[in-house]
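Listed below are the residues making up each chain.
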Amino acid sequence: MPYQFEDLKNAFPTEWRDYIEHSFVQQLGNGSLAPEAFQHYLKQDYLFLIQFARAYALAAYKSPTLADLLQAKDGLLAILDTELGLHISYCKEWGISEQELNNLPEARATLAYTRYVLDTGNRGDLLDLHVALSPCMVGYGEIANWLNRRSETLRGEGNPYDAWIAMYESDEFQGAMQAEIHWLDERLADVTPTRFEQLSHIFRDATRLEIDFWDMGLNLSD
Ligand SMILES: Cc1ncc(CO)c(N)n1
């Protein structure tokens, strides 16, 4: 059987579940999350998105074909033209000004995660980089779907975090997630067991760093 994206999730199922079903996610879903925790998370996520844009620029540099270059360009533009703008106005609604965003120190969890992704891409090839990016792209889409399946999740005006869930369940984000899975399925079909094992370690480590990112939000750690 050729490898596919699903096999990366199944290689270390405990880590994947701890990320998707993290207490931060559960509390966000039922509306009980402390606003301070969400604000801390939002601020660090702004810094995360900036480094993420750099990762797509690195993907362009690592692209061997025109199709890969165009895909990296789309990812970069999606962050710079859409996501960051949305993030800045969403932060404003939560009382965080653009000026504050521009003067934030990076929390250690943000530094560790983003620089891990960039270093993995620098050392490796485009597939290594995409595997390092995939817990982010695929995880948040999966989190929105998991929350929607749970009876504990509160949707609508009763939940102050409803707009966050709406963003990641949107057709736009879910479509980007499916495209990423499709790209990875095609590439993983050709890898050897040894190469798959290497890639699964990258996937596991990026997933663990996503868990630390949620912990950072809950614990307000810097
Ligand atoms: C930490 C983190 N992971 C994933 C996403 C999804 O884009 C995000 N915005 N932030």
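In the annotation of an unreviewed UniProt entry, the protein chain is listed under the name Aminopyrimidine aminohydrolase and assigned to Marinobacter nauticus. Under the UniProt heading Function (unreviewed entry), the note attached to the protein chain is "Catalyzes an amino-pyrimidine hydrolysis reaction at the C5' of the pyrimidine moiety of thiamine compounds, a reaction that is part of a thiamine salvage pathway." Looking at the Sequence similarities (unreviewed entry) heading of the UniProt record, one finds this comment for the protein chain: "Belongs to the TenA family."

> Before we go on, may I ask you to explain the overall build of the protein chain in this structure?
Counting secondary structure elements, the protein chain contains 11 helices and zero strands. Computed over C-alpha atoms, the radius of gyration of the protein chain comes to 17 Å, within 12% of the 17 Å expected from 2.2 N^0.38 for 222 residues, which places it in the range of a compact globule. Viewed in the frame of its principal axes, the protein chain has a C-alpha envelope of about 50 × 40 × 30 Å. In the protein chain, which comprises 222 residues, the share counted as buried stands at 48%. The contacts of the protein chain with a sequence gap of at least 6 include a subset with a gap of at least 24, amounting to 83%. Across the protein chain, the centroid of the 17 positively charged side chains sits 4 Å from that of the 35 negatively charged ones.

> Explain the UniProt feature "domain: Thiaminase-2/PQQC" (unreviewed entry) in the protein chain here, please?
UniProt's entry tags residues 16-219 with the feature "domain: Thiaminase-2/PQQC" (unreviewed entry), counted in the numbering of this structure. As annotated, residues 16-219 has a helix share of 81% and a strand share of 0%, and its two end C-alpha atoms lie 20 Å apart.

> How should a nonpolar patch on the surface be read in this particular structure?
A surface patch of nonpolar side chains, about 280 Å² in accessible area, is lined by Leu66, Leu69 and Leu70. Tracing the backbone through its elements, the reader meets Leu69 in helix H5 (residues 66-93). With relative accessibility at 37%, the residue Leu69 sits in the partly exposed group.

> What should I look at first to understand unusual backbone geometry in this one?
A negative phi angle characterises most non-glycine residues, just as the trans form characterises most peptide bonds. The phi torsion at Leu220 lies on the positive side, around 55°, for a residue other than glycine. Take Leu220: it is sitting in the segment after helix H11 (193-219).

> Please clarify how the packing of aromatic side chains should be interpreted in this entry.
Aromatic ring pairs are defined here through the distance separating the ring centres and the angle between the ring planes. By the definition in use, this model includes 23 aromatic pairs. Summarising the aromatic geometry, the rings of Tyr3 and Phe196 are spaced 4.1 Å apart at their centres and angled 0° between planes, so their arrangement reads as stacked. Residue Tyr3 is located in the segment before helix H1 (5-11), and its partner Phe196 is located in helix H11; the two are separated by 193 residues in the primary sequence. Taking relative accessible area as the criterion, Phe196 reaches 9% and is therefore assigned buried. Centroid distance Phe5 to Phe203: 5.7 Å. Interplanar angle 80°. Geometry classified as edge-to-face. Residue Phe5 is located in helix H1, and its partner Phe203 is located in helix H11; the two are separated by 198 residues in the primary sequence. For Phe5, a relative accessible area of 2% translates into the label buried. Judged by relative accessible area, which is 2%, Phe203 ranks as buried. Looking at Arg204, its charged tip hangs above the ring of Phe12, at a distance of 5.1 Å from the centre.

> Which parts of the structure should I look at to understand the nonpolar core?
It is characteristic of soluble globular proteins that their nonpolar side chains tend to be buried jointly. Leu28, Phe38, Tyr41, Tyr140, Ile143, Trp164 and Trp214 are the most contacted members of the largest nonpolar core, which totals 74 residues. If near-sequence neighbours (up to four positions away) are discounted, Tyr41 is found in contact with Phe24, Tyr140, Trp164, Phe213, Trp214 and Gly217.

> What am I meant to see in the environment of Ile181 here?
By the element assignment, Ile181 lies in helix H10 (residues 171-188). Taking relative accessible area as the criterion, Ile181 reaches 17% and is therefore assigned buried. Once the C-alpha coordinates of Ile181 and Ile211 are considered, the two residues, 30 residues apart in sequence, prove to be 21 Å apart.

> Teacher, can you tell me more about the site of the ligand here?
In the vicinity of the ligand, the residues found are Asp45, Phe48, Cys136, Tyr140, Tyr168, Glu210 and Phe213. Here Tyr168 contributes a side-chain N or O atom positioned 3.3 Å from a nitrogen atom of the ligand. In this structure, Glu210 approaches the ligand through a side-chain N or O atom, which is 2.8 Å from a nitrogen atom. When the ligand sits alone it has 290 Å² of accessible area, and the protein chains cover 98% of it. Those elements that provide at least two residues to the shell around the ligand are helix H4 (35-61), helix H8 (126-149) and H11. Tallied by class, residues from the shell around the ligand come to five nonpolar, no polar and two charged.

Definitions and limits used
- Residues numbered from 1 in each chain as written.
- Predicted model: local features only at pLDDT ≥ 70, side-chain atom pairs only at ≥ 80, totals over all residues.
- Heavy atoms only, no water.
- UniProt positions renumbered as here; feature names shortened; annotations may be inferred.
- Helix = DSSP H or I, 4+ residues; strand = E, 2+ residues; numbered from the N terminus.
- Rg over C-alpha atoms; globule rule 2.2 N^0.38 Å.
- Buried < 20%, exposed > 50% of the residue type's maximum accessible area, 1.4 Å probe, protein only.
- Contact = heavy atoms within 4.5 Å.
- Lys, Arg positive; Asp, Glu negative; His and termini not counted.
- Charge placed at Lys NZ, Arg CZ, Asp CG, Glu CD.
- Patch = residues over 30% accessible without salt bridge, like charges linked within 9 Å, V, L, I, M, F, W, Y side chains within 5 Å.
- Areas by Shrake-Rupley, 256 points an atom, 1.4 Å probe, with all protein chains shown as cover.
- Salt bridge = Lys/Arg side-chain N within 4 Å of Asp/Glu carboxyl O.
- Phe/Tyr/Trp six-rings, centres within 6.5 Å; stacked < 30°, edge-to-face > 60°.
- Lys NZ or Arg CZ within 6 Å of the ring centre and 35° of its normal.
- Core = buried A, V, L, I, M, F, W, Y, C linked by side-chain atoms within 4.5 Å.
- Near = heavy atom within 4 Å.
- Polar contact = N/O pair within 3.5 Å; in protein donor to acceptor, adjacent residues only side chain to side chain.
- Nonpolar A, V, L, I, M, F, W, Y, C, P; charged D, E, K, R; others polar.

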